[in-house]
Amino acid sequence: MSAGTTVGTDERWLSEAVRLAVGNVADGGGPFGAVVVEGGAVLGQGVNRVTRDNDPTAHAEVVAIRAACRARGDFSLAGTVLYASCEPCPLCLAASLWSRVDRVVYAADRYDAARGGFDDLEFYRLFATERSEWKTEVAAVDVPGAIRPFEAWLAKADRVQY
């Protein structure tokens, strides 16, 4: 089955992501839920666990991607769809791209998240500005051997491409 789906199917899985998010709020977590679907079945699901796990990367989408990769036994989620209760933040969008999901579908958006007190919108705005304007310095420092890891990678004949 292709990762492409119908509107009815999208609504079904988005409703599941929203249900997970509402349940997570009731359990003391953040208002985010996500499911990774393959062939009409949930391969992995997640809720926001940032405060529960003291892990700023434990967003619902990342948790769902990790679960789906464990279930599949592969780091690639090609052929799947990620459904999120809210538009993925830049971290989650990047994780989605790295995982190679075919589609990302979301319900609420970054403006809804901003109204809820979350930084998604601000991070999207930040990435649209020059790094020199950021509050957090991001700087490259030239050190001897900086590219050695990449040279070692390219020289490794049995490397696993991703």
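For every chain, the first residue of the written sequence is number 1, and numbering continues from 1 onward in sequence order. Restriction of local features to residues with pLDDT of at least 70 applies here, the model being predicted, together with a cutoff of 80 or more for giving and counting side-chain atom pairs; totals for whole chains, interfaces and linings are based on all residues. Remark: hydrogens and water are excluded; side-chain values derive from all non-hydrogen atoms of the structure.

*Asks:* Mind showing me how you'd approach the overall build of the protein chain here?
*Replies:* Helix and strand assignments follow DSSP, with helices taken as H or I runs no shorter than four residues and strands as E runs no shorter than two, numbered in order from the N terminus. A tally of helices and strands in the protein chain yields seven helices and four strands. Across its three principal directions, the C-alpha atoms of the protein chain cover 55 × 40 × 30 Å. Within the protein chain, the fraction of its 162 residues that count as buried is 35%. We get accessible surface area from the Shrake-Rupley algorithm with a probe of 1.4 Å; when it comes to residues, only the shown protein chains can shield them. Accessible area for the protein chain stands at about 10100 Å²; split by element, carbon and sulfur atoms hold 56% of it. This count recognises Lys and Arg as positive and Asp and Glu as negative, with His and chain-terminal groups excluded. A charged residue contributes its charge at one atom only: NZ of Lys, CZ of Arg, CG of Asp or CD of Glu. Looking at charge distribution, the protein chain has the averaged site of its 17 positive side-chain charges lying 4 Å from that of its 22 negative ones. For the exposure calls, accessible area comes from a 1.4 Å probe over protein chains only, and a residue counts as buried if that area is under 20% of its type's maximum, exposed if over 50%, partly exposed in between.

*Asks:* Is there a simple way to explain a nonpolar patch on the surface in this structure?
*Replies:* Patch building starts from residues that exceed 30% relative accessible area and form no salt bridge, then joins like charges within 9 Å and nonpolar side chains (Val, Leu, Ile, Met, Phe, Trp, Tyr) within 5 Å. A pair is scored as a salt bridge if a Lys or Arg side-chain nitrogen falls within 4 Å of a carboxyl oxygen belonging to Asp or Glu. Together, Phe 75, Trp 98, Trp 153, Leu 154, Val 160 and Tyr 162 make up a nonpolar patch on the protein surface, roughly 710 Å² of accessible area in all. Here Phe 75 is to be found in the loop between helix 3 (60–72) and strand 3 (81–86).

*Asks:* Is there a simple way to explain helix 6 (residues 120–127) in this structure?
*Replies:* Residues three or four positions apart in an α-helix share a direction because the helix packs 3.6 residues into each turn. All buried positions along helix 6 are accounted for by Asp 120, Leu 121 and Tyr 124. The buried residues of helix 6 all sit within an arc of 100° when viewed along its axis, so they share a single face. By definition, residues are in contact when any of their heavy atoms lie within 4.5 Å. Tucked inside the fold, the buried residues of helix 6 contact helix 4 (90–99) and helix 5 (110–115). By construction, the arc corresponds to the directions joining the helix axis to the C-beta atoms.

*Asks:* How should I be thinking about the pairing of strand 4 (residues 103–108) in this particular structure?
*Replies:* In regular strands, side chains alternate between the two faces of the sheet. Note: two strands are recorded as paired if DSSP finds a minimum of 2 bridges between them. Pairing geometry for strand 3 and strand 4, over five bridges, is parallel. The partner of Leu 82 across the bridge, within strand 4, is Val 104. In this view, the connection linking strand 3 to its parallel neighbour strand 4 by way of helix 4 has right-handed handedness. Seen with its strands pointing away from the viewer, a crossover is right-handed when the path leading from the first strand over the helix to the second is clockwise.

*Asks:* Looking at this structure, how should I read the sheet that holds strand 4?
*Replies:* The pairing of strands in a sheet happens through backbone hydrogen bonds and is either parallel or antiparallel. Reading across from one edge, 2-1-3-4 is the order of the four strands in this open sheet, with mixed pairing throughout. Each edge of the sheet is formed by a strand with only one pairing partner; in this case those strands are strand 2 (41–47) and strand 4. The mean inter-strand angle of the sheet, taken between neighbouring strand axes irrespective of direction, is 15°. Axis geometry follows a simple rule: fit a line to the C-alpha atoms, using only the stretch in contact for helices, then measure angles between N-to-C directions, giving values from 0 to 180 degrees. The strands that helix 1 (residues 7–26) touches are strand 1 (33–38), strand 2, strand 3 and strand 4; relative to strand 3, the one it contacts most, it runs at about 50°.

*Asks:* Help me understand the packing of aromatic side chains in this model?
*Replies:* The geometry of two aromatic rings is summed up by the distance between their centres and the angle between their planes. Pairing of aromatic rings covers Phe, Tyr and the six-membered ring of Trp, with a centre-to-centre limit of 6.5 Å; geometry is then stacked below 30 degrees between planes, edge-to-face above 60, and tilted otherwise. Within this structure, the stated rule accounts for five aromatic pairs. Ring centres 5.9 Å apart and planes at 75° place the aromatic pair Phe 75 and Tyr 162 in the edge-to-face group. With Phe 75 in the loop between helix 3 and strand 3 and Tyr 162 in the segment after helix 7 (148–155), this pair connects stretches of sequence that are 87 residues apart. What makes Phe 75 partly exposed here is its relative accessible area of 41%. Residues Phe 127 and Trp 134 carry aromatic rings whose centres are separated by 5.6 Å and whose planes lie at 70° to one another, so their mutual orientation is edge-to-face. A relative accessible area of 52% places Phe 127 in the exposed class. By way of ring pairs, the aromatic residues Phe 75, Trp 98, Trp 153 and Tyr 162 are connected into one cluster. Criterion for a charge above a ring: Lys NZ or Arg CZ within 6 Å of the ring centre, and within 35 degrees of the ring normal. Across from the ring centre of Tyr 124, 3.7 Å away, lies the NZ or CZ of Arg 110, which sits over that ring.

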